[in-house]
Amino acid sequence: MKAIEAGRRVALKNILFSTDFSSCSNAALPYALSIGRRFGAKLFVAHVVPTATEMLLASPESWPTAFEEEEKKVKEYMDRMEKQMQGLPHDMLTARGKVSDALAQIIDRHAIDLLVLGTRGRSGIGKLLLGSVAEDVLRRAACPVLSVGPDVSSEPDDEIRFRRILFATDFSDESLAALPYAISLAEEDQAQLSLLHVIEHPAAGIVDLDAITASAMCRLKGLVPAEAEPWCNAECLIEFGQQLTPPAERILDVAADRDADLIVLGVRPVHGNFGLVTHLASTTAHILTQAACPVLTVRG
């Protein structure tokens, strides 16, 4: 397996922050601001006004006033946002329609390099960035997505630094699509980079666990170019999953043990329509909603 070329800095010229005005959504704003300043990027702030159909998914008590309040809330919020953009090139955007479709159009129109969003909203309209919608967005987005989940408690400093990065892979092409970003960000901050592969449900006595472990370890080590060592301290980890326990649990455990401040994942592109159960049961959704640090996803 070919190692990724080292020394190639991630280029972030245009960053999109998507908000639904909820507190959890706003928790992602400091990351967008910090990364924007760090990379000298232009920041686009976007709010997608939900369609009438999506409004019906909100709490019933919000139906009569939802449309009337939306325009006022957008203006008030955007006015507050303007005050936080001092010294940072920015543009405020609003759109109407399905969240994932509207953001995809903005990403294409403005050549967005990174989308930043919160992955859980409050009740009512805030639910539009809950679970399945957030995952739908990241699977459709043509750029990497930095998701800040409900369990991320710390905020970045004015200049964000990732010191401990965890990259999890199953060796599929989709998961490996995120590897260049993990290596580049580790080089950028001279971070500890942990590469993790979880072997699911090993059958002791039936398969040669030592041989499987050695093979997986060899594949992991082959992913990191030797020339990356001066910039990042890389380690390779093999973990074994347990029956009836999703791989996401082991990934989250390792992230906690390593005190990771960023998890990097490759995700499969969307094909057809996803159902709610598919979203909420997936490894990606599990990690997005329970990680104690931001999660960077890259579509394969």
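**Overview of the overall build of the protein chain**
Point 1. Summing up its helical and strand segments, the protein chain has twelve helices and ten strands in all.
Point 2. Classification of the 300 residues of the protein chain by burial places 52% in the buried group.
Point 3. Within the protein chain, counting contacts between residues at least 6 apart in sequence, those at least 24 apart form 84% of the total.
Point 4. For the protein chain, the computed accessible surface area is about 14,200 Å², with 50% contributed by carbon and sulfur atoms.

**Points about the sheet that holds strand β2 (residues 42-49)**
Point 1. Across the sheet, ten strands lie side by side as β3-β2-β1-β4-β5-β10-β9-β6-β7-β8; this open sheet has mixed pairing. The open sheet has two edge strands with one neighbour each: β3 (90-96) and β8 (233-240). Ignoring strand direction, the axes of neighbouring strands in this sheet form an average angle of 25°.
Point 2. Relative to strand β6 (residues 164-168), helix α8 (residues 179-189) is tilted by about 165°, and along the sheet it contacts β6, β7 (192-199), β9 (262-267) and β10 (295-299).
Point 3. Packing of helix α9 (residues 209-221) onto the sheet brings it into contact with β7 and β8, and relative to β8 it is tilted by some 150°.

**Brief notes about empty space enclosed by the protein**
Point 1. Going through the model one piece at a time under the given rule, you end up with three cavities of 30 Å³ or more.
Point 2. The volume enclosed by the largest cavity comes to roughly 150 Å³.
Point 3. Around the largest cavity, the lining is made up of 15 residues, and of these L12, I35, L114, F162 and L185 lie nearest the centre.
Point 4. For the lining of the largest cavity, the elements supplying multiple residues, two or more each, are α2 (29-39) and α8.
Point 5. Ranked by residue count, the leading element in the lining of the largest cavity is α8, at four residues.
Point 6. Grouping the amino acids of the lining of the largest cavity by side-chain chemistry returns twelve nonpolar, no polar and three charged.

**What about the environment of A260?**
Point 1. With respect to the helices, strands and loops of the structure, A260 is situated in the loop between α10 (247-257) and β9.
Point 2. For the pair A260 and R164, spaced 96 residues apart in sequence, the C-alpha to C-alpha distance is 4.8 Å.
Point 3. Discounting residues that sit within four places of it in the chain, A260 has contacts with R164, L166, A255 and C293.

**Considering unusual backbone geometry**
Point 1. For A111, which is not glycine, the phi dihedral falls at a positive 50°.
Point 2. Here A111 shows up in the loop between α5 (99-109) and β4 (114-118).
Point 3. One non-glycine residue with positive phi stands out, namely D259, at about 55°.
Point 4. Relative to the helices and strands, D259 resides in the loop between α10 and β9.

**A short note on the confidence of the model for the protein chain**
Point 1. In the predicted model, the protein chain carries a mean pLDDT of 80, and the fraction of residues at 70 or more is 77%.
Point 2. Confidence scores differ between elements of the protein chain, with helix α11 (residues 276-281) showing the lowest mean pLDDT of 38 and β6 the highest of 96.
Point 3. Low pLDDT, under 50, characterises residues 121-131; the stretch is placed with 36 contacts to residues that sit more than four places away or in other chains.
Point 4. Overall, residues 274-281 carries pLDDT values under 50, and its contacts beyond four positions in sequence, including any with other chains, amount to ten contacts.

**Some points on the packing of α10 against helix α12 (residues 283-290)**
Describing two packed helices takes the angle between their axes plus the distance from one axis to the other.
Point 1. At their nearest, the axes of α10 and α12 sit 9 Å apart, and the two run at 35° to each other. Pair α10 / α12 crosses with right-handed handedness. Judged by residue contacts, P247, A248, E249, I251 and L252 of α10 engage T283, H286, I287 and Q290 from α12.
Point 2. The residue inventory of the contact of α10 with α12, partitioned by class, reads five nonpolar, three polar and one charged.

**Here we look at the environment of H197**
Point 1. Locating H197 in the fold gives a position in strand β7.
Point 2. The exposure class of H197 is buried, given its relative accessible area of 11%.
Point 3. Taking the C-alpha atoms as reference points, H197 and I238, 41 residues apart in sequence, are found 5.2 Å from one another.
Point 4. If near-sequence neighbours (up to four positions away) are discounted, H197 is found in contact with T169, D170, F171, A216, L220, L237, I238 and E239.

**Remarks on the pattern of salt bridges**
Point 1. Summed over all chains, the structure comprises nine salt bridges.
Point 2. Note that D259 is salt-bridged to R164, the shortest N-O span being 3.5 Å. Note that D259 is positioned in the loop between α10 and β9 and R164 in strand β6, a separation of 95 residues in sequence.
Point 3. Through salt bridges with shared partners, a single network forms among R38, R161, E188 and D189.

Calculation rules
Residues numbered from 1 in each chain as written. Predicted model: local features only at pLDDT ≥ 70, side-chain atom pairs only at ≥ 80, totals over all residues. Heavy atoms only, no water. Helix = DSSP H or I, 4+ residues; strand = E, 2+ residues; numbered from the N terminus. Buried < 20%, exposed > 50% of the residue type's maximum accessible area, 1.4 Å probe, protein only. Contact = heavy atoms within 4.5 Å. Areas by Shrake-Rupley, 256 points an atom, 1.4 Å probe, with all protein chains shown as cover. Pairing = 2+ DSSP bridges. Axes fitted to C-alpha atoms, helices over the stretch in contact; angles between N-to-C directions. 1 Å grid on protein atoms, 1.4 Å probe; cavity = no way out; pocket = protein on both sides within 12 Å on 5 of 7 lines; lining within 4 Å. Points joined across faces, edges and corners; volume = space filled by probe spheres on them. Nonpolar A, V, L, I, M, F, W, Y, C, P; charged D, E, K, R; others polar. pLDDT = per-residue confidence, 0-100. Left-handed = near helix turned anticlockwise from the far one by under 90°. Salt bridge = Lys/Arg side-chain N within 4 Å of Asp/Glu carboxyl O.

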